[in-house]
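Now for the letters of each chain:
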Amino acid sequence: MSEAPVNKKVLGLFALAMINVAAVLSIRNFPSMAVYGWSCIGWYIIGAVLFLIPISLAGAELATGWPEGGGVYAWVKRAFGEKGGFTALFCEWSNNLVWFPTVLSFTASTLAFALTPNLASNPWFMFSVMMIVFWGTTAIAYFGEEASAKFSNVGVILGSIIPAGLIILLGLWWLGSGQTIVLPPFSFGQIVPAIDLSTLPFFATVVLLFAGMEMAGFHALETRDPQKDFPRAMALSAVIIVICTVLATVAIAIVIPVDQLSLASGVMQAIQYFFDAAGIAWLVGPMALLITLGGVVNLASWLIGPAKGLGIVAEEGNMPPLFNRTNKYGAPVAVLVIQALIGSIISLLYVFLPSVNQAYWILSAMTVELLCIVYILVFAALIKLRYSQPDTPRPFKIPGGMIGVWIVGGLGLFGTILAFVVGLMPPSYFSSGITYVSSVLLGTFILAVPPLIFLKFKHPGWLKNPQGGTNP
């Protein structure tokens, strides 16, 4: 028997926008993108046109038309039924299980840089910090939407926006002080990225740099005015993300030589070089602490959103009663604990068994494929619902009628389908491409098929009754 949750309308425009910014804006991506010099701008434009703008517009229309709990589950379910909605949500949740250790490792290594960089090579330090962060954010999520929103609002400003803003200001100072710019002179031709077989696999990475723009949709039931606030939150978060991402990446690219970026695989090494060159090396430690907080907030936003959606699926009777247990704050406690346990086990293997790296690369590729499945279904739902439910009130509608919807949905579908295909391209060190592709596809299938199994064996006793318990 779970406690009846208290559904309070606690989220406004700013809180919704910060949920998206926390999920998407990640400083750890800046150095790897800065390697491409001026053409990083072109790559970002590709990602914005083929994903960020389409998912922002699609999310705004779907969230205002169907402001229900569950986010992608509610939207895809309206278009393609229970199986489609459940599959979309489960793919978004299951991809997190493999992704969690990567962001946890980044957070722990960044904290080590603020203390003693050598700690990053100590597996016991890394694992201890990873577990403290993981279970700590899970504990925050336990106290519901209000606590999570406050943490997200403060954390994303301190841990992501302020560090990115500081990097941008340093870049502007660099330009104004007459320092040497390590990039060739700017021209619009320099922006155009070289797209060939060697850079094509990078396309999936660029598109999914902006994954997470739909996170606010999981919190519809806690939003004061979803019809008005969702589209504004999408627009505000998109502007913040694009400005911080593009300008901060370019700032790093004009200061740090490419060979230094290539050798400095971690974001803090790049920032150390940047701050040393600017004569403010004393800020590296505080910056590392802020970026550590940014990593925690990034984790927290992905940890709670899909978990809430899975809890709603369970409340509707599509999963065993274990999964629909919530507390008085409305938090899906059972799902939170289950994902924390699974994520902890994978983190343990990730830290202490480096020999599994090749297998882990396959698992990481599977996360790309799973996310692509989610977004393919979301963009398809956007188009389908304009035909199947044209009269449903949509306070925000993509302009241009059906042509506008097809342009937005078509660009999003093209980007995500292409990302799915190139995500299957094996790295150079895999001797057998067939083994790699078949392993990724099989693993993706295994992580995507559980919803069909749950629905196949669905039992009336799984349905949560109005009193907050389960039917006998």
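Structural data are supplied above this passage.
About the cut-offs
Starting from 1, residues in each chain are numbered consecutively following that chain's sequence as written. Two thresholds apply to this predicted model, a pLDDT of at least 70 for residue-level local features and 80 or more for giving and counting side-chain atom pairs, whereas whole-chain, interface and lining totals are computed over all residues. Only hydrogens and water are set aside when side-chain values are computed; all heavy atoms of the structure are taken into account. Numbered from the N terminus, helices here are DSSP runs of H or I no shorter than four residues, and strands are runs of E no shorter than two. Exposure categories follow from relative accessible area, calculated using a 1.4 Å probe and restricted to protein chains: below 20% of the type maximum is buried, above 50% is exposed, and the middle band is partly exposed. Whether two residues are in contact is decided by their heavy atoms, any of which lying within 4.5 Å being enough. Methods summary: accessible areas were calculated by the Shrake-Rupley approach with a probe of 1.4 Å, and residue burial reflects only the protein chains presented. Axis angles are defined between N-to-C directions and span 0 to 180 degrees, where every axis is a line fitted to C-alpha atoms and, for a helix, only to the segment in contact. Angles below 35 degrees are treated as roughly parallel, those above 145 as roughly antiparallel, those between 65 and 115 as roughly perpendicular, and all remaining angles as oblique. Here is the rule for handedness: rotate from the far helix to the near one, and if that takes an anticlockwise turn smaller than a right angle the crossing is left-handed, while a clockwise turn gives right-handed. Note on residue categories: nonpolar means Ala, Val, Leu, Ile, Met, Phe, Trp, Tyr, Cys or Pro, charged means Asp, Glu, Lys or Arg, and polar means any other residue, Gly included. Nonpolar cores are built from buried Ala, Val, Leu, Ile, Met, Phe, Trp, Tyr and Cys residues. Side-chain atoms within 4.5 Å join them into one set. Expected span, for any helix, means 1.5 Å times one less than how many residues it has. Throughout, the bend at a residue refers to the angle made by two axes, fitted to the seven residues ending there and to the seven starting there. Note that patches include only residues with greater than 30% relative accessible area and no salt bridge, and the join distances are 9 Å for like charges and 5 Å for nonpolar side chains (Val, Leu, Ile, Met, Phe, Trp, Tyr). By definition, a salt bridge exists where a carboxyl oxygen of Asp or Glu is found within 4 Å of a side-chain nitrogen of Lys or Arg. We call Phe, Tyr and Trp rings a pair once their centres come within 6.5 Å, taking the six-membered ring for Trp, and we label the pair stacked below 30 degrees between planes, edge-to-face above 60, and tilted otherwise. Counted as over-ring charges are cases with an Arg CZ or a Lys NZ within 6 Å of the ring centre that also lie within 35 degrees of the ring normal.

(A) Representation of the overall build of the protein chain. Counting its secondary structure elements, the protein chain contains 17 helices and 0 strands. The 472 residues of the protein chain split such that 57% are buried. When contacts within the protein chain are restricted to residue pairs at least 6 apart in sequence, those whose partners lie at least 24 apart make up 81%. For the protein chain, the computed accessible surface area is about 18,900 Å², with 71% contributed by carbon and sulfur atoms.

(B) Region of interest: the packing of helix α1 (residues 13-24) against helix α9 (residues 226-255). As a packed pair, α1 and α9 sit with axes 8 Å apart at the nearest point and diverge in direction by 40°. Classified by the interaxial angle, the pair formed by α1 and α9 is oblique. For α1 against α9, the interelement crossing comes out right-handed. Packed against α1, whose contacting residues are Leu 13, Leu 16, Ala 17, Met 18, Asn 20, Val 21 and Val 24, the element α9 presents Asp 229, Phe 230, Arg 232, Ala 233, Met 234, Leu 236, Ser 237, Ile 240 and Ile 241 at the interface. Of the residues that constitute the contact of α1 with α9, the class distribution is 12 nonpolar, 2 polar and 2 charged.

(C) Seen up close, the nonpolar core. Among the nonpolar cores identified, the biggest contains 147 residues, and Phe 86, Phe 274, Phe 275 and Tyr 375 are the most heavily contacted of them. It is helix α4 (residues 72-115) that provides the largest number of residues to this core, a total of 21 residues. With sequence-adjacent residues up to four places away left out, Phe 274 is seen in contact with Ile 167, Leu 170, Gly 171, Ala 251, Ile 252, Val 255 and Ile 256.

(D) Fine view of helix α3 (residues 39-65). The end-to-end C-alpha separation of α3 is 38 Å, in line with the 39 Å expected for 27 residues at 1.5 Å each. The largest bend along α3 reaches roughly 50° and is located at Ala 48. Of all 27 residues that make up α3, 23 are buried, and the element is covered over most of its length.

(E) Representation of a nonpolar patch on the surface within the structure. Nonpolar side chains collect at one region of the surface, where Leu 13, Phe 14, Val 154, Ile 157, Leu 158, Ile 162 and Leu 236 lie side by side and expose about 520 Å² of accessible area between them. Contributing elements (two or more residues each) for the nonpolar patch: α1 and α6 (144-176). Among the structural elements, Leu 158 can be located in helix α6. Exposure remark for Leu 158: the relative accessible area of 34% places this residue in the partly exposed category.

(F) Just the pattern of salt bridges, in detail. As enumerated under the stated definition, the model contains 4 salt bridges in all. Between Glu 61 and Arg 386 there is a salt bridge, with the nearest N and O atoms lying 2.9 Å from each other. A residue pair is termed long-range when its members are at least 10 positions apart, and Glu 61 in helix α3 and Arg 386 in helix α14 (residues 357-388) qualify at 325 residues. Residue classification places Arg 386 among the buried residues on the basis of a relative accessible area of 8%. Here Glu 82 and Lys 77 are joined by a salt bridge, their closest N and O atoms 3.9 Å apart. A single network of salt bridges, built from pairs that share partners, joins Glu 61, Arg 386 and Arg 394.

(G) Local environment of the side chain of Thr 137. As for its placement among the helices and strands, Thr 137 is situated in helix α5 (residues 123-142). We classify Thr 137 as buried; its relative accessible area is 4%. Setting aside anything within four residues of it in sequence, one finds Thr 137 in contact with Val 296, Leu 299, Ala 300 and Leu 303.

(H) Geometry of the packing of aromatic side chains. If you walk through the whole model with that rule in mind, you get 17 aromatic pairs. Consider the rings of Phe 51 and Tyr 375, whose centres lie 4.7 Å apart with planes at 80°: the pair is edge-to-face. Of the two residues, Phe 51 sits in helix α3 while Tyr 375 sits in helix α14, which places them 324 residues apart along the sequence. With centroids separated by 6.0 Å and ring planes inclined at 75°, the aromatic side chains of Phe 323 and Phe 454 adopt a geometry described as edge-to-face. Here the residue Phe 323 occupies a position in the loop between α12 (284-315) and α13 (333-352), and Phe 454 occupies one in helix α17 (residues 450-456), the gap between them amounting to 131 residues. This pair shows no difference in class: Phe 323 is buried, exactly as Phe 454 is. An aromatic cluster is defined as three or more aromatic residues linked by ring pairs; in this entry it consists of Phe 86, Phe 90, Trp 93, Phe 323 and Phe 454. Directly above the aromatic system of Phe 106 lies the positively charged group of Arg 28, at a separation of 5.8 Å from the ring centroid.

Everything listed is a geometric property; what it means functionally is a separate question.
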